[in-house]
Amino acid sequence: MSFPRARLRRFVDAPWFSRFVIAVIIANAIDLGVIAAVEPHGTAAGVAHAVDVVAVAVFTAEMALKLAAYGRGFFRDPWNLFDLLIVAVALVPATETFSVLRALRILRALRLVSAVPSMRRVVSALLAAIPGLLSILGLVVLVLYTGAVIGVHLFSDVAEYFGSMSRALYTMFKLLTVEGWPDISDAVLDRHPSGWIFFVVYIVICAFIMLNLLIGVIVSTMERDLNADRWAEDQRLEDAQHEAVMTELRGLRAEVAELRAQAGNGAGAAK
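Predicted, not measured: the structure shown is a model, and the values here were computed from it.

1. Focus on the environment of S114
Stage number 1. Within the fold, S114 resides in helix α6 (residues 111-115).
Stage number 2. Between the C-alpha atoms of S114 and W79, which are 35 residues apart in sequence, the distance is 5.9 Å.
Stage number 3. Residue contacts for S114: discarding those within four places in its chain leaves W79, F82, D83 and R120.

So this is what it looks like as structure tokens:
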């Protein structure tokens with residue numbers, strides 16, 4: 001690594017630089033909320049747009065500095081690619097063709113995820129939990145679909161919630177969230193008093209068992225990743241302490257060897 005690049009890397013890796021970028025991200029997120037709230041042609045809007053331009057300039061300069069500091073290594077870090085994509089979207093002019101980018105500007109606030117290490121660890125743990133979640137999500141979808149089919153066959157003639165397959169699927173999703181389920185069950189129980197069995201079994205399986213399984217997988221994965229990070233940090237500390245002790249021992253050995261040599265020379269001179 002060349003000396004200027006090494007100095008540049010120390011600059012972009014400095015804690016104060018990271019804190020400065022985080023402050024700009026937060027200020028820009030607040031500024032985008034102000035832009036959405038004020039009149040589009042007022043004085044406040046002009047100031048807010050000027051702040052937005054400054055923030056984009058800071059983000060662009062940050063990406064340029066990191067590219068110069070890390071070179072090709074910049075692209076090996078997925079978080080750097082995430083930041084680069086968000087900044088690239090910010091640089092596309094929000095014309096009529098790209099008018100949707102005006103709404104996507106708030107995505108810059110997501111850069112806090114990559115800038116704050118604790119948030120980055122949480123997102124990494126969530127991504128690591130995806131393989132374990134897929135099987136549980138597939139099981140939830142299967143139970144939801146089965147419940148919708150049963151509901152259409154049993155209750156399509158008595159409640160509009162099960163009048164069609166699409167409506168029944170939406171009803172099953174509402175039951176999954178345990179939001180407003182008494183209204184749905186009351187509409188069915190007025191004509192089918194024994195229909196409570198269907199609702200109780202479905203809610204217990206989906207809302208209580210399946211969702212708790214999802215939460216359990218996420219929590220266990222996050223705990224495993226956090227423990228792995230702590231173990232790695234402990235290993236680094238132990239390695240540093242071991243190296244310090246070994247350095248001290250090597251120094252003591254050198255001193256002992258020197259004392260022995262001096263003692264041997266003194267004994268030879270005495271003879």
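After that view, the rundown keeps rolling.
2. As for the environment of D157
Stage number 1. Summarising the element assignment, D157 is placed in the loop between α8 (130-155) and α9 (165-176).
Stage number 2. What makes D157 exposed here is its relative accessible area of 56%.
Stage number 3. Once the C-alpha coordinates of D157 and R191 are considered, the two residues, 34 residues apart in sequence, prove to be 9.7 Å apart.
Stage number 4. With near-sequence residues (within four places) excluded, D157 lies in contact with R191 and H192.

3. Description of the packing of helix α2 (residues 15-37) against helix α3 (residues 43-70)
Stage number 1. Packing of α2 against α3 leaves a shortest axis separation of 9 Å and a crossing angle of 150°. When the axes of α2 and α3 are compared, the crossing they make is left-handed. Only A48, H49, V51, D52, A55, V58, F59, E62 and L65 of α3 make contact with α2, whose side of the interface consists of F17, F20, V21, V24, I25, N28, D31, L32, V34 and I35.
Stage number 2. Looking at side-chain class alone, the contact of α2 with α3 contains 14 nonpolar, two polar and three charged residues.

4. Details of helix α10 (residues 181-189)
Stage number 1. Every buried residue of α10 is listed here: I184, S185 and V188. Within α10, the buried residues cover an arc of 90° as seen down the axis, which keeps them to one side.

5. Quick notes on a nonpolar patch on the surface
Stage number 1. Residues W196, I197, V200, V201, V204, F208, I209 and L213 make up a contiguous nonpolar surface patch of about 710 Å² in total accessible area.
Stage number 2. Structurally, V200 can be placed in helix α11 (residues 196-270).
Stage number 3. The partly exposed category is assigned to V200, whose relative accessible area is 42%.

6. A few points about the packing of aromatic side chains
Stage number 1. Under the defined criterion, the tally for this structure stands at eleven aromatic pairs.
Stage number 2. Both rings, one in F198 and one in Y202, keep their centres 6.5 Å apart while their planes meet at 10°; by these two values the pair is stacked. A residue pair is termed a helical-turn pair when its members lie 3 or 4 positions apart in one helix, as F198 and Y202 do in helix α11 at four residues.
Stage number 3. By way of ring pairs, the aromatic residues F155, F162, F198, F199 and Y202 are connected into one cluster.

7. Overview of the nonpolar core
Stage number 1. Within the largest apolar cluster, 22 residues are counted, with the highest numbers of intra-cluster contacts made by F162, M172, F199 and Y202.
Stage number 2. Elements supplying a minimum of two residues to this core: α8, α9, α10 and α11.
Stage number 3. When residues in this core are grouped by element, the largest group, seven residues, is from α11.
Stage number 4. In this view, F162 contacts G151, V152, F155, S156, A168, T171, M172, I184, V188, F198 and F199; residues no more than four positions away in its chain are not counted.
Stage number 5. The next biggest cluster of nonpolar side chains, apart from the first, holds 14 residues, and it includes F59, V87, L112 and V116.

Rules and cut-offs
Residues numbered from 1 in each chain as written. Predicted model: local features only at pLDDT ≥ 70, side-chain atom pairs only at ≥ 80, totals over all residues. Heavy atoms only, no water. Helix = DSSP H or I, 4+ residues; strand = E, 2+ residues; numbered from the N terminus. Contact = heavy atoms within 4.5 Å. Buried < 20%, exposed > 50% of the residue type's maximum accessible area, 1.4 Å probe, protein only. Axes fitted to C-alpha atoms, helices over the stretch in contact; angles between N-to-C directions. Left-handed = near helix turned anticlockwise from the far one by under 90°. Nonpolar A, V, L, I, M, F, W, Y, C, P; charged D, E, K, R; others polar. Arc of directions from axis to C-beta. Patch = residues over 30% accessible without salt bridge, like charges linked within 9 Å, V, L, I, M, F, W, Y side chains within 5 Å. Areas by Shrake-Rupley, 256 points an atom, 1.4 Å probe, with all protein chains shown as cover. Salt bridge = Lys/Arg side-chain N within 4 Å of Asp/Glu carboxyl O. Phe/Tyr/Trp six-rings, centres within 6.5 Å; stacked < 30°, edge-to-face > 60°. Core = buried A, V, L, I, M, F, W, Y, C linked by side-chain atoms within 4.5 Å.

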